[in-house]
Amino acid sequence: MPDTLTPQSTMTDWLDALAAANSNPAGGSAAAIAGALAAALAGMVAGITRKRERYASAHDRAAAVLDRASTIRRELQDLAVRDAKVFAHFTAAKGEAKAGALLEAASVQMEVLRRAADAADLAATMADVGMAAALGDAATGSFLAAAAARSAYWAMRADLDPTSPESGPMLASGLELVDEAEAAEWRVRQILSERIR
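Residues numbered from 1 in each chain as written. Predicted model: local features only at pLDDT ≥ 70, side-chain atom pairs only at ≥ 80, totals over all residues. Heavy atoms only, no water.

K.L.:
Go over the overall build of the protein, please, and point to the residues and values.
P.N.:
Counting its secondary structure elements, the protein contains six helices and zero strands. In the protein, the succession of α and β elements from N to C terminus is α-α-α-α-α-α. Taking 2.2 N^0.38 as the reference for a compact globule, 197 residues should give roughly 16 Å; the C-alpha atoms of the protein span a radius of gyration of 18 Å, in line with that estimate. Oriented by its inertia axes, the alpha-carbon framework of the protein measures out at about 60 × 35 × 30 Å. Evaluated residue by residue, the protein yields a buried proportion of 45% over its 197 residues. Element-wise, carbon and sulfur atoms account for 55% of the exposed surface of the protein, whose accessible area totals about 9,900 Å². (Helix = DSSP H or I, 4+ residues; strand = E, 2+ residues; numbered from the N terminus. Rg over C-alpha atoms; globule rule 2.2 N^0.38 Å. Buried < 20%, exposed > 50% of the residue type's maximum accessible area, 1.4 Å probe, protein only. Areas by Shrake-Rupley, 256 points an atom, 1.4 Å probe, with all protein chains shown as cover.)

Put into structure tokens, the structure is as follows:
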């Protein structure tokens, strides 16, 4: 992984690194970035909703979403970097150390999955109560978050040794989180169907 990639790296830096003809950073980092974009969109809709007096009844919920979305976005940016570093550790590991590195990679993706599911819920909340003109932005956040959750789950599943004692509980928890993200996405699809003709 290039030493220059950090949570503060530009989008161009990340896209160039992801497009490079090597395997790091890769899908795990991309899932984290997608989740961070989802959280950013939920936060944006919350922020503009709070500025509109017409949506005064939603101001408290929007404030809570804005605060949580900001935290999730930063955490997912950090996880994008962490995933790349963990994968670099895996490629350098030898013998039995590879299994430990894969478990660490799976743990990172579990953290991405948790935050992506949260981001999906935040985006769905803003699709429901946020400024009507920003419904498409909240919906985009929901779709990105659900995609990030699915990607993180399958990355985690690929990294886990099915015979390890950690595998079963992690996969079960992960599947529940994917279900949560997809349920939030489905709520948004229903809202879109009702409000956009």
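Here the narrative resumes, following the displayed structure.
K.L.:
Please give an account of the layout of surface pockets that cites residues and values.
P.N.:
Considering only enclosed or pocket space, the largest pocket measures out at about 170 Å³ in volume. Pro-7, Ser-9, Thr-10, Met-11, Trp-14, Ile-33, Ala-36, Leu-37, Ala-40, Arg-73, Gln-77 and Ala-80 together form the lining of the largest pocket. Counting only elements with at least two residues in the lining of the largest pocket, the list comes to α1 (11–19), α2 (27–50) and α3 (59–92). Looking at the lining of the largest pocket, the element that brings in the most residues is α2, giving four residues. In terms of residue class, the lining of the largest pocket is made up of eight nonpolar, three polar and one charged. (1 Å grid on protein atoms, 1.4 Å probe; cavity = no way out; pocket = protein on both sides within 12 Å on 5 of 7 lines; lining within 4 Å. Points joined across faces, edges and corners; volume = space filled by probe spheres on them. Nonpolar A, V, L, I, M, F, W, Y, C, P; charged D, E, K, R; others polar.)

K.L.:
Could you give an account of the environment of Ala-123, with specific residues and numbers?
P.N.:
Within the element layout of this structure, Ala-123 appears in helix α4 (residues 97–129). For the pair formed by Ala-123 and Ala-26, sequence separation is 97 residues and the distance between their alpha carbons is 25 Å. Setting aside its immediate chain neighbours within four residues, Ala-123 contacts Ala-42, Ala-138, Gly-141 and Ser-142. (Contact = heavy atoms within 4.5 Å.)

K.L.:
An account of the side chain of Ser-142 is requested, with residue identities and associated values reported.
P.N.:
Tracing the sequence through the fold places Ser-142 in helix α5 (residues 135–159). Filtering out sequence-adjacent residues up to four positions away, Ser-142 remains in contact with Ala-123, Ala-184, Glu-185 and Val-188.

K.L.:
So what's going on with the packing of aromatic side chains? Which residues, and what values?
P.N.:
The relation between two aromatic rings is expressed through the spacing of the ring centres and the mutual angle of the planes. Tallying each qualifying case throughout the model produces two aromatic pairs. Taking 5.8 Å as the distance between ring centres and 45 degrees as the angle between the ring planes, the aromatic pair formed by Phe-87 and Phe-90 counts as tilted. In this pair, Phe-87 and Phe-90 are both assigned in helix α3, three residues apart and thus about one turn of the helix distant. Phe-87 sits in the partly exposed class, given a relative accessible area of 28%. (Phe/Tyr/Trp six-rings, centres within 6.5 Å; stacked < 30°, edge-to-face > 60°.)

K.L.:
So, the pattern of salt bridges: which residues are in play, and what are the values?
P.N.:
Summed over the entire model, instances satisfying the criterion amount to eight salt bridges. The partner of Arg-115 in a salt bridge is Glu-75, and the shortest N-O contact between them spans 2.8 Å. With Arg-115 in helix α4 and Glu-75 in helix α3, this residue pair connects regions lying 40 residues apart in the sequence. Look at Glu-75 and you get partly exposed, because its relative accessible area is 26%. (Salt bridge = Lys/Arg side-chain N within 4 Å of Asp/Glu carboxyl O.)

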